[in-house]
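What follows is the residue order along each chain.
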Amino acid sequence: MSSLNLQLCNSSQSWLTQRDSRTRVITAVLFSIAVVSLARLPLLTVALAIAASTAMAVGLRPLILLKRMAAMETFMLVVLVLLPFTTPGTTLFELGALSASQEGLTLAVTIILKANSVVLMLLALVGTLEPVVLGHALARMRIPTKLVHLFLLTVRYISVLHGEYQSLRRAMQARAFSPRSNFHTWRSFGNLLGMLLVRSLERSQRVMAAMKCRGFDGRFHLLSEQHWQWRDSLLLVFALAALGALLTLDFLL
């Protein structure tokens, strides 16, 4: 997970990347709520420009960023193609027996702008955080402890479970298993999934026993050295002012 962040971010000296992780999470959440509330296309375009500028400011590589957003953009293309023909309204053009509406096209563009703005901002401010740092930020923001524990343990042991899966797959290949579209293949994959669940349960029990032996009392001790500074407050105030201005303009126009 840490290598992914290093691949996404090519600048660790950005003013934004040095901010407290809580500031970045709060700013991303507030930006997402504000963007979803907007309805005017010009203001949504401004929000997208702000998100793109933030992504560039933290050092996100454009090529890697486009690859990460490719799956969403494929879905957005489907939205752009279907909504104009499925939303009633003023006819924009006709394609055989189908007619595209102006309202449908506007709705599709609105959805695309909102989705891209939110995802870009989340990738910029939250996606460049180390998973453990993000977990510590959520804990300091008084997110329920069990959710934080679940997140941190998932980050820690997802690679272990992947290793168990690879071990089982190698064992199947050593026995000349070749996947096909037949009952034997589906039964073999079902057994693989069942064994993975059994091994995961056994591993979780061993981990829990090891944690209790080391004095685990139901909470993780946060060792993060980050502290809230005046620059974090400045960033939050600036974000609130910008988002407030966008919402006010959207209401008045």
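Here the structure is shown first, and the text comes after it.
Residues numbered from 1 in each chain as written. Predicted model: local features only at pLDDT ≥ 70, side-chain atom pairs only at ≥ 80, totals over all residues. Heavy atoms only, no water.

J.: Before we go on, may I ask you to explain the environment of M211 in this structure?
T.: Within the secondary structure, M211 is located in helix α8 (residues 183–213). Judged by its relative accessible area of 17%, M211 falls in the buried class. Measuring from C-alpha to C-alpha, the distance between M211 and F177 comes to 38 Å, with 34 residues separating the pair along the chain. Excluding residues that lie within four positions of it along the chain, M211 makes contacts with F216 and F220. (Helix = DSSP H or I, 4+ residues; strand = E, 2+ residues; numbered from the N terminus. Buried < 20%, exposed > 50% of the residue type's maximum accessible area, 1.4 Å probe, protein only. Contact = heavy atoms within 4.5 Å.)

J.: Help me out: how do you make sense of the packing of aromatic side chains in this one?
T.: The description of an aromatic ring pair uses the distance of the two centres, along with the angle that the planes make with each other. Here the structure, examined in full by the defined rule, presents 2 aromatic pairs. On the basis of an interplanar angle of 90 degrees and a centroid distance of 5.7 Å, the ring pair of F177 and F189 is categorised as edge-to-face. In this pair, F177 is assigned in the loop between α7 (145–174) and α8 and F189 in helix α8, connecting sequence segments 12 residues apart. A residue is classified by how much of its surface remains accessible, and F189, at 27% relative accessible area, is partly exposed. Directly above the ring of Y157 sits R156, whose terminal nitrogen or CZ lies 4.6 Å from the centroid. (Phe/Tyr/Trp six-rings, centres within 6.5 Å; stacked < 30°, edge-to-face > 60°. Lys NZ or Arg CZ within 6 Å of the ring centre and 35° of its normal.)

J.: Teacher, can you tell me more about the pattern of salt bridges here?
T.: Opposite charge on two side chains lets them pair, provided their charged atoms get close. Following the criterion strictly, the structure yields 4 salt bridges and no others. D232 is paired through a salt bridge with R19; the nearest N and O atoms lie 3.2 Å apart. Taken together, the residues span a long stretch of sequence, with D232 in helix α9 (residues 230–252) and R19 in the loop between α1 (2–8) and α2 (21–37) at a distance of 213 residues. Residue D232 shares its accessibility class with R19, and that shared class is buried. Between E164 and R203 there is a salt bridge; the shortest N-O distance is 3.1 Å. Taken together, the residues span a long stretch of sequence, with E164 in helix α7 and R203 in helix α8 at a distance of 39 residues. Overall, E164 belongs to the buried group, its relative accessible area being 15%. When salt bridges with common partners are traced through the structure, they connect E164, R199 and R203 into a single cluster. (Salt bridge = Lys/Arg side-chain N within 4 Å of Asp/Glu carboxyl O.)

J.: What's the story with the environment of T87 in this structure? I'm lost.
T.: Following the sequence through the fold, T87 ends up in the loop between α4 (62–86) and β1 (91–95). For the pair T87 and S99, spaced 12 residues apart in sequence, the C-alpha to C-alpha distance is 9.6 Å.

J.: Help me understand the packing of α7 against α8 in this model?
T.: Between two packed helices, both the angle of their axes relative to each other and the distance between the axes serve to describe the pair. Between α7 and α8, the shortest axis-to-axis distance is 10 Å and the interhelical angle comes to 140 degrees. For the element pair α7 / α8, the angle class is oblique. The element α7 and its partner α8 pack so that their crossing is right-handed. Facing α7, whose interface residues are Y157, V160, L161, E164, Y165, S167, L168, R169 and M172, α8 presents S188, F189, L192, M195, L196, R199, S200, R203 and V207. Grouping the amino acids of the contact of α7 with α8 by side-chain chemistry returns 11 nonpolar, 3 polar and 4 charged. (Axes fitted to C-alpha atoms, helices over the stretch in contact; angles between N-to-C directions. Parallel < 35°, antiparallel > 145°, perpendicular 65-115°, else oblique. Left-handed = near helix turned anticlockwise from the far one by under 90°. Nonpolar A, V, L, I, M, F, W, Y, C, P; charged D, E, K, R; others polar.)

Scope: geometric values only; no functional claims are made or implied.
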